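# Structure at a glance
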Amino acid sequence: MKQAPHVFRAFEDATMRIPVSDINFLYEVRPAIRTSVKYAQIAASIKEVGIIEPPVVILDPTSEGRFRLLDGHLRIDILIADGVKEVVCLIATEDEAFTYNRRLSRIAIIQEHKMILQAVKRGASEERIARALNVNVALIRQKRNLLNGICSEVADLLRDKHVPIKAFAELRRLKPMRQVRAAEMMVAMNRFSTNYVRSIVAATPISEFVEGRKPVTRGVTAEQLDLMTQESGRLDQDMKQIEQRYGEDHLDLVLATAYIASLLENARVVRHLAQFHPDIFAQFQKIADVQKAA
């Protein structure tokens, strides 16, 4: 019977309530940080719903009975300012140079929208959510209604992208099929700014608008709009052709890469290339390395 591999534990099984006076900071929280928006949001969240994610500490090997703070400097600083004496912490088993929180990206707006819907479903009011995030209620309502008028295909394409709220307002002007094409262009170009979405909307034919009319675009002449529309149409056609060719091109590339890798397994071929065609041999080696890595 094959023995199960050993699983390393990153944290102790149980949390621990620790006096904040026994926790050593790894860095000082500067006054400028205490006046930042992020600091205010964390403070508002702690005041409204308490500590959701416990700070992470590890035993300090240089000071008996004390702990090093690996993650949660702002949370602990806020608790100290509020006069809190103890805090529940996760106990790490190894002092890493990084923490798991630093591996997390800022949450995408569609994910935030779903979290707000879930919180409302569980009974949290918009006012309480706003207080917890230190923002106004109007912004919470905007995020709650983010996907109204947005087709499900677009929501799926942009689910993990950082797209401004105003960009969704622009997409709502478009019919579903055009919304999808716009989202595909955003992903293909890796551009999600409101101005980029506005340029796509401006280049959209009138027939693709929900209301049957284009929004007024200041600073752009009718001739420029017509040119943008034509260019957008050509871009759509190019993208469709690329999509159609992608599968065949990818298959050809895989076959060619595998063939080159097989050639380099022949010692006579390798000697010939190395002696008479060193430049080609070097490129073939790079291609073979990619194939092996894949």
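Residues numbered from 1 in each chain as written. Predicted model: local features only at pLDDT ≥ 70, side-chain atom pairs only at ≥ 80, totals over all residues. Heavy atoms only, no water.

So, about the overall build of the protein. A tally of helices and strands in the protein yields 13 helices and five strands. Counting the 294 residues in the protein, one finds 30% classified as buried. Taking all contacts inside the protein whose residues are at least 6 apart in sequence as the whole, residues at least 24 apart take part in 70%. Per element, the accessible surface of the protein, about 19,700 Å² overall, is 55% carbon and sulfur. (Helix = DSSP H or I, 4+ residues; strand = E, 2+ residues; numbered from the N terminus. Buried < 20%, exposed > 50% of the residue type's maximum accessible area, 1.4 Å probe, protein only. Contact = heavy atoms within 4.5 Å. Areas by Shrake-Rupley, 256 points an atom, 1.4 Å probe, with all protein chains shown as cover.)

Moving on: the environment of Thr35. Turning to its location among the elements, Thr35 is positioned in the loop between α1 (31–34) and α2 (37–49). A relative accessible area of 68% places Thr35 in the exposed class. For Thr35, the side chain forms a polar contact with the main-chain oxygen of Ala32, separated by 2.8 Å. (Polar contact = N/O pair within 3.5 Å; in protein donor to acceptor, adjacent residues only side chain to side chain.)

Among the residues of helix α5 (residues 126–133), those classed as buried are Glu126, Ile129, Ala130 and Ala132. Angularly, the buried residues of α5 cover 160° about the axis, an arc narrow enough to put them on a single face. (Arc of directions from axis to C-beta.)

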